[in-house]
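Below are the chains, spelled out letter by letter.
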Amino acid sequence: MTVANLVFYLIAALAIVAALGVVTVPNVVHAALFLILSLLAVAGFYILLSNEFLAIVQVLIYAGAVATIIIFGLMLTRGTDLPTVSVGGQWPLALLASGAFGGAVAAAVIDSTWPRDVGEVTLVSINDIGAVLFKDWLLPFEIVSVVLLVALIGAIVISTQEEGEA
Amino acid sequence: METAAEQIPLEHFLFAAGVLFSIGVYGVLSRRNAVLILMSVELMLNAVAVNFVAFAVYTDGALFRGLIFAVFVIIIAAAEVGLALGIILRVFRNRATANVDEVSQLKW
């Protein structure tokens, strides 16, 4: 077993254990912290896949911005059942459904043939990403920036208190 | 010097992402708090992005299509979190709950 394999298994175990924490712990703040841990582990996957840029984006946007927004959301929706929530009564069915799905995915992965000899894996430099993104993917990039702008303005409009509202 | 990706088979990434996605599915189906459901959705989006990047690196090295898709997934996830939390705050203000089982006026 090489060092890279060992690192992969460590990161995968960390991501999966943290993800299990997100869906099982009763304390919502702990769940949010587990989510941050899982997102950081996924950033480790990107580094193993030679994608430093995506790892940085993952840490900045997911572990930074998205996690902060989610913790704010937890704080602002603090009801009587917080900070602890129980899972609903349907968890055995949920376990069955997700287990069936995971089994199907695993069976499909085992059943397919994947390129065994990857040859050399290209190290993706940020220069190349910028060139590709702004040459070949310019229109999707502009559309997605408009989508982001509209969604965030919409979020402000939706969550702002209206005049005369209780 | 081999890069790390050349020593790890593609399947390992696919298995890890599949497990993460299944955990996300379980969270969406079993949790009843809207914010926790949102967190489970984030797990699922992450698993899909890992898959995109893994396929891009192993089969499509020079073109970065999967990488660009992963960037778009992250951007859309950010938009989705902002919008969903706006809606959850609104529901919480009107109904004083973040439990999705108690927000059922549209159910007949």
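Basis of the calculations
- Residues numbered from 1 in each chain as written.
- Chains lettered and ligands numbered in written order.
- Predicted model: local features only at pLDDT ≥ 70, side-chain atom pairs only at ≥ 80, totals over all residues.
- Helix = DSSP H or I, 4+ residues; strand = E, 2+ residues; numbered from the N terminus.
- Rg over C-alpha atoms; globule rule 2.2 N^0.38 Å.
- Buried ≥ 20, exposed ≤ 12 C-beta atoms within 10 Å, placed from the backbone.
- Contact = placed C-beta atoms within 7 Å.
- Nonpolar A, V, L, I, M, F, W, Y, C, P; charged D, E, K, R; others polar.
- Axes fitted to C-alpha atoms, helices over the stretch in contact; angles between N-to-C directions.
- Parallel < 35°, antiparallel > 145°, perpendicular 65-115°, else oblique.
- Expected span 1.5 Å × (residues − 1).
- Core = buried A, V, L, I, M, F, W, Y, C linked by C-beta atoms within 7 Å.
- Domains from an automatic or database assignment.

Quick look at the overall build of chain B
Along its length, chain B carries four helices and zero strands. The order of helices and strands in chain B, counted from the N terminus, is α-α-α-α. Computed over C-alpha atoms, the radius of gyration of chain B comes to 18 Å, more than 25% over the 13 Å expected from 2.2 N^0.38 for 108 residues, which places it beyond the range of a compact globule. Each principal axis of the C-alpha distribution contributes one length, and for chain B these read about 60 × 25 × 25 Å. The buried share among the 108 residues of chain B stands at 54%. Taking all contacts inside chain B whose residues are at least 6 apart in sequence as the whole, residues at least 24 apart take part in 48%.

Some thoughts on the interface of chain B and chain A
Of the residues lining the interface, 69 residues belong to chain B; the matching set on chain A comes to 74 residues. When contributions to the side of chain B that touches chain A are tallied by element, the ones reaching two or more residues are α1 (4-7), α2 (10-30), α3 (34-59) and α4 (65-95) of chain B. In terms of residues, the side of chain B that touches chain A owes the most to one element, α4(B), which gives 21 residues. Taken together, the residues that form the side of chain B that touches chain A break down as 46 nonpolar, 16 polar and seven charged.

A short note on the packing of helix α2 (residues 28-48) of chain A against α3(B)
The geometry of a pair of packed helices is captured by two quantities: the angle between their axes and the separation between those axes. At a closest axis distance of 11 Å, the pairing of α2(A) and α3(B) adopts a crossing angle of 5 degrees. Here α2(A) is positioned roughly parallel relative to α3(B), judged by the angle of their axes. Judged by residue contacts, A:Val28, A:Ala31, A:Ala32, A:Leu35, A:Ser38, A:Leu39, A:Val42, A:Phe45 and A:Tyr46 of α2(A) engage B:Val35, B:Leu36, B:Met39, B:Glu42, B:Leu43, B:Asn46, B:Val50 and B:Val53 from α3(B). Across the contact of α2(A) with α3(B), the residue classes break down as 14 nonpolar, two polar and one charged.

Re α3(B)
Counted at 1.5 Å a residue, the expected span for α3(B) with its 26 residues is 38 Å, and the 38 Å between its end C-alpha atoms agrees. With 22 of its 26 residues buried, α3(B) lies for the most part within the structure.

As for the nonpolar core
Membership of the largest hydrophobic core comes to 73 residues, with the highest contact counts inside it found for B:Leu20, B:Val35, B:Met39 and B:Val53. Secondary structure elements with two or more residues in this core: α1 (3-24), α2 and α3 (52-76) of chain A together with α2, α3 and α4 of chain B. Ranked by residues supplied to this core, first place goes to α3(B) with 18 residues. If sequence neighbours within four positions are ignored, B:Val53 has contacts with A:Tyr46, A:Leu49, A:Asn51, A:Leu54, B:Gly66, B:Leu67 and B:Ala70.

Quick word on the environment of A:Leu74
Here A:Leu74 shows up in helix α3. Overall, A:Leu74 belongs to the buried group, with 23 C-beta atoms counted inside 10 Å.

Some points on the domain arrangement of chain A
Accessible area lost during the coming together of the parts is what is often quoted as the interface size. Looking at the assigned domains, one finds that chain A contains domain 1 (1-85) and domain 2 (125-166). Inter-centroid distance (C-alpha atoms) of domain 1 of chain A to domain 2 of chain A is 23 Å.

So, helix α6 (residues 138-159) of chain A
In this model, α6(A) (22 residues) spans 32 Å end to end at C-alpha, consistent with the 32 Å of a helix rising 1.5 Å per residue. Burial analysis of α6(A) places just one of its 22 residues in the buried class, which makes it a mostly uncovered element.

A look at the environment of B:Asn33
Residues and elements named next belong to chain B. Looking at where Asn33 falls in the secondary structure, it is placed in the loop between α2 and α3. Given 25 C-beta atoms within a 10 Å radius, Asn33 is considered buried. Sequence separation between Asn33 and Pro9 is 24 residues, and the spatial gap between their C-alpha atoms is 38 Å.

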